[in-house]
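# Observations on the three-dimensional arrangement
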Amino acid sequence: MTNSALSALPDGVRLGVAPLSWVNDVLEDLGADIPLETCLKDASEVGYQGVELGRKFPRKAAVLGPLLKSYDLSLASGWYSGFLAERDVATDVAEVKEHAELLKALDVSVMVYGECGMMTPGSALDEPMTKRLRMPKGEITAYAARLTEFAKRLKGEHGLTLAYHHHLMMVAETFDEISTLFDKTGREVGLLLDTGHAAGGGFDYTKLIDRFGDRIVHIHLKDMRGAEMAKVRSNDLSFNTGVRNGMFTVPGDGVIDFAPLARFVRNLGYRGWMVVEAEQDPKKAPPRPAITRAFNHIINIFAAQRA
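Attention here is on the structure that accompanies the text. Note that this is a predicted model, so its numbers are computed, not measured.

Reading the values: rules and limits
- Residues numbered from 1 in each chain as written.
- Predicted model: local features only at pLDDT ≥ 70, side-chain atom pairs only at ≥ 80, totals over all residues.
- Heavy atoms only, no water.
- Helix = DSSP H or I, 4+ residues; strand = E, 2+ residues; numbered from the N terminus.
- Rg over C-alpha atoms; globule rule 2.2 N^0.38 Å.
- Contact = heavy atoms within 4.5 Å.
- Areas by Shrake-Rupley, 256 points an atom, 1.4 Å probe, with all protein chains shown as cover.
- Lys, Arg positive; Asp, Glu negative; His and termini not counted.
- Charge placed at Lys NZ, Arg CZ, Asp CG, Glu CD.
- Expected span 1.5 Å × (residues − 1).
- Salt bridge = Lys/Arg side-chain N within 4 Å of Asp/Glu carboxyl O.
- Buried < 20%, exposed > 50% of the residue type's maximum accessible area, 1.4 Å probe, protein only.
- Pairing = 2+ DSSP bridges.
- Axes fitted to C-alpha atoms, helices over the stretch in contact; angles between N-to-C directions.

For the rest of this paragraph, the subject is the overall build of the protein chain. When helices and strands are counted, the protein chain shows 11 helices and 11 strands. A globule of 307 residues ought to have a C-alpha radius of gyration of about 19 Å, and the protein chain, at 18 Å, matches this closely. Along the longest, intermediate and shortest principal axes, the C-alpha atoms of the protein chain span 50 × 45 × 40 Å. Contacts spanning at least 24 positions in sequence make up 80% of the contacts within the protein chain whose residues lie at least 6 apart. Looking at the protein chain as shown, the accessible area adds up to about 12400 Å², and 51% of this sits on carbon and sulfur atoms. Taking the average place of the 36 positive charges on the side chains of the protein chain and the average place of its 40 negative ones, the gap between the two points comes to 3 Å.

Before going further, it helps to spend a moment on helix α11 (residues 287-306). Over its 20 residues, α11 runs 29 Å from end to end, which matches the ideal 28 Å to within 8%, given 1.5 Å per residue. In this fold, the buried residues of α11 make contact with β1 (13-17), α1 (36-46), β8 (216-221), α10 (259-267) and β11 (272-276).

Before going further, it helps to examine the pattern of salt bridges. Counted by the stated rule, this structure contains 16 salt bridges. Salt-bridge contacts for R288 lead to D42; the nearest nitrogen and oxygen are separated by 3.2 Å. With a gap of 246 residues between them, R288 in helix α11 and D42 in helix α1 connect regions that are remote in the sequence. Residue D42 is classed as buried on the basis of its relative accessible area, which comes to 9%. Of the charged contacts in the structure, one is a salt bridge between E277 and K222, with a shortest N-O distance of 2.6 Å. Taken together, the positions of E277 in the loop between β11 and α11 and K222 in the loop between β8 and β9 (223-224) put the pair 55 residues apart, joining distant regions of the chain. Put simply, K41, D42, E45 and R288 are held in one network by salt bridges that share partners.

The next point concerns unusual backbone geometry. Even without a glycine there, the phi angle at D107 is positive, about 65°. The class for D107 is exposed, based on a relative accessible area of 70%. Even without a glycine there, the phi angle at M169 is positive, about 75°. Within the secondary structure layout, M169 lies in the loop between β6 (161-165) and α5 (175-182).

On the basis of which strands lie adjacent, the open sheet formed by nine strands has the order β3-β2-β1-β11-β8-β7-β6-β5-β4 and parallel pairing. Taken across any chain shown, the strands that pair with only one partner, and hence form the sheet edges, are β3 (74-77) and β4 (79-82). Each strand of the sheet is rotated relative to its neighbour by a mean of 35°, with strand direction disregarded. Taken together, the four bridges between β4 and strand β5 (residues 110-115) define a ladder with parallel strand orientation.

The values are spatial; any link to function lies outside them.
Shown next as C-alpha cells:
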C-alpha cells in the first residue's frame, strides 16, 4: 500500500509507528545492531506518517527535526518516566523541561506519561507479575491531585497535553485502578488508550472508550498473543520475559479486535495519533514485514468502516 491508503482514515487522524518493533527501550540487546536509519526508512516506505521517540533518537531538535523531515516523518510523541506517585510536582516539572521542550520544538501536542514511581525496587520489569506494587487507596486522591497539577503546568509552560499511559506492572494496570484514578484527576489529565496493555491487564479496551472516551488523547495500537500472555500469568513470569516470549505483537497478529476502535475514532470524533506499537524481539519478528502487516490491517479495518 502507498500513502493513498491513508485516505481511509478520518481527517485529523494520523497513523504512526513506535520504534519498539526495531529497538527495545529497556531490553537493550533487542535491536542493538539495528541503526535508527533502518527504522525511519522502513516506517516511511511502508506509509506511516510519524514515529515516537526511542532510545537511539537524537535529543536535539536541530538534529532530530531535519532527520525526520528527510524521511517525510513527523514526531508523534515521546515517553516521559514520571515519579509523581512518590515525589512532588516541582521535581517532575523540573525533570520534564528538556524533554518537553524537544517535543514542542517538533510540533508535538501530546506527551506520553508513564508512572514509574512505586515500582518494585530493583529491575521492576524483571520481577514476577504478581510482585507489582499497588497504590494504597488512601494515597490515590493526593496522587491524582499531583497528576492534575503537573498536567496544568505541562500545558501552561510547554503547550503539551499529558497522555497518561495505563501500563502493566505500574500503579494503573487494571480497569478499576484506571477508573479510580481518572475519577479523581482533573480533565487536564488525558488518557492514552493502549489496546495491548488493556488486554494484558485483563479487560477489553472498549471499557475505557465507554467510560473515558472523551478523555482519550493518544492511542497505542498493540495486539496480544493470548497463549503467550496466559503462560506469563499462569507461570507468574516477568514483564520482560513476556516481551521476549512474544506476548505482544502488531495489530492483526493477536487476539484483539480493532473494529470497535475504528468505530470510536470514526464516529465519536477522536482526532490525533494512532501509533502501532509492539515490543518484540526483532530477530523473532522481523520489523518491516510486521509493521507492513499492521499498516494494512489497520487501514483495511478503517476502510471497511467507511464502506
